Amino acid sequence: MNTLFIKVCLQGGKYFVDIKTFVVISIYELAEKDKLKLNVDITRLNKDCFIEVSFEGTDFEVLSEPPVLSNLSVWPIILLDDNYIISGLCSVSRQICRLSDKEDVKKLLGFREACLVACAETSIWTKFCEIDIILMVSNILTFKQNIFHMPEDILRYESHLSQPVRMHNIYKLARNNKNDQGIKSSASHHELEVPHDYAEGPYITLADLILYPCFTIIFQYFEYNTLSVKAYLPLTVEWFNRVRHQYVLPKFHLNFNKLFNKTIIIPKVSNVSLYKADPVHMVSAKHHTKQYKIESALNLLKPLMGCIVNSLNPIGFNNNSFNWDAIPLPANPHGGALPASRADRKCKQLENLIKAALEVVGEKHYRIVDFCSGSGHMGILIALVLPQCQVILVENKERSLARARNTISQLKLTNVIMVQSNLDYFTGDFNLGMSLHACGLATDLVIQQCIKNKADFICCPCCYGGIKNSHEMSYPKSRSFKKCFLSKEDNYFNLAHAADQTHQQENVKTEQGYFCMDVIDSDRRLFAEECGYKVHLGKLQPVTCTNKNNLLVGQFVEKLE
């Protein structure tokens, strides 16, 4: 049975939930209840659970003890079968819609079911719906000052609604709306005049149903404090009324802090959409990789040149044997749809990481997490060659895990668990974290998770130019690099972008690109060493198996004071 797990606080006979849980409950009320059982874990009242809700008419079971697997990720979660966990507001909400037999609920997933399918780590839009708006509501309801600063995220949404619609089938839609098949695909989105009535365009989607409860709370707060918002948020108010006429929220109650001074400060925000595809958000890599900028950054590195060392030989490569002939075809890259040359390279990449894992794990009964696992090539191999270990695949892409699920079923593996979530939502204990070509800051999130658990790590980074300061991560990582790039972090990011210039052997920048890879990975190595690790930086063998061929292997030694 598919099960939705939520945490509920009980006080004085009343139920209280946090904003994420309230959103999930609101969407759950629309779905087909016989396909998704609701389990409730009663916990102590905390500062995040400020929404009083009623479960009248809703069937649910109170847990005496949550199942072990439920501890692997941030709640709310959905447990499918006995080895598949879904976590994260958007992913859980998507799955609720998918499990429904109601056609109008399924349609909320939008064109090709793509609504909010991208993860918050890479999508500005998903991050807004899953993180920014939730945090904003929490901040508003705990606001105690007399002068009210209008949150920037509210104004960002108002600006978003004023922008032209951006959607995959927009030209087809415009031609149908205008009954004009002559509209060219070169026409600007503004010229198409597709109405931006809802969050993602002319039709209501899951994004609207996630944002609607949040804005309901926000507007109740404004109304309670007699703050008029129509003058500041006309498009948002129109959007809100459209959604309100179609959907009714579960009963809830809030206690607000009163504002004694009605002064409102309105900050300035950029007049852009919340889509990453908006050209305003795009900064060309050429901006970072102009040679004079790279040379300026390299000059700052001179005090650290002795720390930038790549041992070339990867850990475990010569000490451990690995026989592809012994691997069942479903777990072999050659057994899938990859072209033969790409499958060969994939095999060589995987072999390096498998041998490193054999070296680190030995005969120990480890719990191993394959972060950003994709369709599970590496994690499934680990489960086969280290059968005494439990392997957890953590991946946010539904389709990738669907393929992994099929392979695990074919191989009848019983030591693999799948977690569909952003990697920073993973909360389970483990002994070894691994990642192969986790893009940009994802590699650093993996290392961060490992450090938090005092777990060993094996990471082959990728997309160095994708690293950036965010709500989860800041750069540089190590004390030495922070000192070197003090107040000049742009120079650091210039080197990160230069590290991606390794695709053409005949290009004069390729050698420089590989050195910049070593620079960024040396920063990662030094940071882990500051946290009590012994770290080895080497290269996958043969080095031609991939352009992103650095391998970081960290083994926890002790906590350093």
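Up top you'll find the structure we're talking about.
Report on the accompanying structure. What you see is a predicted model; the values in this text were computed from it and never measured.

## A closer look at the pairing of strand E3 (residues 37-43)
Here's step 1: Across 7 bridges, strand E1 (residues 3-11) lies against E3 in parallel orientation. Directly across from Ile6, in E3, lies its bridge partner Val40.
Here's step 2: Alignment of E3 against strand E5 (residues 61-62), held across 2 bridges, turns out to be parallel. Pairing of Asn39 across the sheet is with Glu61, part of E5.

## Side note on the state of the cysteines
Here's step 1: Within the structure shown, the criterion is met by 0 disulfides.
Here's step 2: Free cysteine: Cys119, not disulfide-bonded; nearest cysteine sulfur from Cys372 at 8.2 Å.
Here's step 3: As a non-bridged cysteine, Cys459 has Cys450 as the owner of its nearest cysteine sulfur, 5.9 Å distant.

## Description of the packing of aromatic side chains
Here's step 1: By the definition in use, this model includes 27 aromatic pairs.
Here's step 2: Ring centres 5.1 Å apart and planes at 55° place the aromatic pair Phe55 and Phe60 in the tilted group.
Here's step 3: When its relative accessible area of 9% is taken as the criterion, Phe55 is described as buried.
Here's step 4: The partly exposed category is assigned to Phe60, whose relative accessible area is 27%.
Here's step 5: For the pair Phe128 and Tyr157, a centre-to-centre distance of 5.9 Å together with 15° between the ring planes defines the contact as stacked. Taken together, the positions of Phe128 in helix H4 (residues 124-141) and Tyr157 in helix H5 (residues 152-162) put the pair 29 residues apart, joining distant regions of the chain. As far as the burial class goes, Phe128 and Tyr157 line up, both buried.

## Looking at the environment of Val194
Here's step 1: With respect to the helices and strands, the residue Val194 is situated in the loop between helix H7 (189-192) and helix H8 (206-224).
Here's step 2: Between the C-alpha atom of Val194 and that of Lys178, which follows or precedes it by 16 residues, the distance is 9.5 Å.
Here's step 3: Setting aside chain neighbours within four positions, we find Val194 in contact with Val165, Ile170, Leu173, Ala174 and Pro202.

## Some thoughts on the side chain of Lys355
Here's step 1: Turning to its location among the elements, Lys355 is positioned in helix H11 (residues 340-361).
Here's step 2: Once residues lying within four places of it in the same chain are set aside, the contact partners of Lys355 are Ile315, Gly316, Phe317, Asn320, Ser321 and Phe322.

## Let's talk about helix H9 (residues 234-244)
Here's step 1: When we look at burial in H9, the residues that qualify are Thr236, Val237, Trp239, Phe240 and Val243. The arc enclosing the buried residues of H9, seen along the axis, measures out at 160°, which places them on a common side.

Rules used in this analysis
Residues numbered from 1 in each chain as written. Predicted model: local features only at pLDDT ≥ 70, side-chain atom pairs only at ≥ 80, totals over all residues. Heavy atoms only, no water. Pairing = 2+ DSSP bridges. Helix = DSSP H or I, 4+ residues; strand = E, 2+ residues; numbered from the N terminus. Disulfide = S-S within 2.5 Å. Phe/Tyr/Trp six-rings, centres within 6.5 Å; stacked < 30°, edge-to-face > 60°. Buried < 20%, exposed > 50% of the residue type's maximum accessible area, 1.4 Å probe, protein only. Contact = heavy atoms within 4.5 Å. Arc of directions from axis to C-beta.

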